[in-house]
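Fold and geometry: a report
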Amino acid sequence: MPAYAIAHLQEAAPHPEIAEYIERLPATFEPYGGRFLVHGTQHEVKEGSWPGHVVMIGFPGITEARSWWDSPAYREIAPLRSRHIEGDIILVEGVHENYDPKATARTIRDAVSAK
């Protein structure tokens, strides 16, 4: 199953370290099959609030996503971003190709019925 690194990053003043981070970032995730899915694009808020920016990197699986996050190459450059940009970052598994949301709904209905 695919996996994703998703970042919700706050606005930040331009800084040379941020530019260096962005330049070096792809070389840290490419060995793990990662690629940008969302980066530097506008987003449209439909509910709630979502200030800042969204970055999304896709990986073949959660193992590769975790290996990238823990890699010496990424850990080396992470402070270039974190010193200047606050945000939230998650790793999340996607769903398999034949995912059926009806099965999830059935599980919820069964849990409600059991009460």
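Let us look at the structure shown here. (Residues numbered from 1 in each chain as written. Predicted model: local features only at pLDDT ≥ 70, side-chain atom pairs only at ≥ 80, totals over all residues. Heavy atoms only, no water.)

**Quick notes on the side chain of His8**
What counts, and what does not: By the criteria applied, helices consist of DSSP H or I runs no shorter than four residues and strands consist of E runs no shorter than two, each listed in order from the N terminus. Distance and chemistry together define a polar contact, namely a pair of N or O atoms within 3.5 Å, with one atom able to donate a hydrogen and the other to accept it when in protein, and with adjacent residues in sequence counting only for side-chain atoms on both sides.
Note that His8 resides in strand S1 (residues 3-9). A polar atom in the side chain of His8 sits 3.1 Å from the side chain of Trp50.

**Notes on the environment of Asp110**
Here is the rule: Residue exposure (1.4 Å probe, protein chains only): buried if accessible area is under 20% of the type maximum, exposed if over 50%, otherwise partly exposed.
By the element assignment, Asp110 lies in helix H4 (residues 101-114). A residue is classified by how much of its surface remains accessible, and Asp110, at 54% relative accessible area, is exposed. Between the C-alpha atom of Asp110 and that of His96, which follows or precedes it by 14 residues, the distance is 23 Å.

**A few points about the packing of helix H1 (residues 16-29) against helix H3 (residues 72-82)**
Worth spelling out the cut-off: The axes are straight lines fitted to the C-alpha atoms, using for helices just the contacting stretch, and the angles between their N-to-C directions are given from 0 to 180°. Here roughly perpendicular refers to angles of 65 to 115 degrees, roughly parallel to angles under 35, roughly antiparallel to angles over 145, and oblique to all remaining angles. Two helices crossing with the near one rotated counterclockwise from the far one by less than a right angle form a left-handed crossing, whereas a clockwise rotation gives a right-handed crossing. In what follows, a contact means two residues having at least one pair of non-hydrogen atoms within 4.5 Å. Asp, Glu, Lys and Arg are counted as charged, while Ala, Val, Leu, Ile, Met, Phe, Trp, Tyr, Cys and Pro are counted as nonpolar; the rest, among them Gly, fall into the polar class.
Across the interface, H1 lies against H3 with an axial gap of 8 Å and an inter-helix angle of 155°. With respect to H3, the element H1 is oriented roughly antiparallel. At the point where H1 passes H3, the crossing takes the left-handed sense. Contact residues: Glu17, Ile18, Glu20, Tyr21, Arg24, Leu25 and Thr28 in H1; Ala73, Tyr74, Glu76, Ile77, Ala78, Leu80 and Arg81 in H3. A class-by-class count of the residues in the contact of H1 with H3 yields 8 nonpolar, 1 polar and 5 charged.

**Structural notes on the packing of aromatic side chains**
We describe a pair of aromatic rings using the distance from one ring centre to the other and the angle between the two ring planes. The line we're drawing: Stacked, edge-to-face and tilted labels apply to pairs of Phe, Tyr and Trp rings (six-membered ring for Trp) whose centres lie within 6.5 Å, assigned for plane angles under 30 degrees, over 60, and everything in between, in that order.
According to the stated counting rule, one finds 7 aromatic pairs in the structure shown. Note on Tyr21 and Tyr74: the rings are 6.2 Å apart at their centroids and 65° apart in plane angle, and the pair reads as edge-to-face. Of this pair, Tyr21 sits in helix H1 while Tyr74 sits in helix H3, and the two are 53 residues apart along the sequence. Residue Tyr74 is classed as buried on the basis of its relative accessible area of 0%. Ring geometry for Phe29 against Trp68: centres 6.5 Å apart, planes inclined by 75°, an arrangement best described as edge-to-face. Taken together, the positions of Phe29 in helix H1 and Trp68 in helix H2 (residues 62-70) put the pair 39 residues apart, joining distant regions of the chain. Each member of the pair Phe29 and Trp68 is classed as buried.

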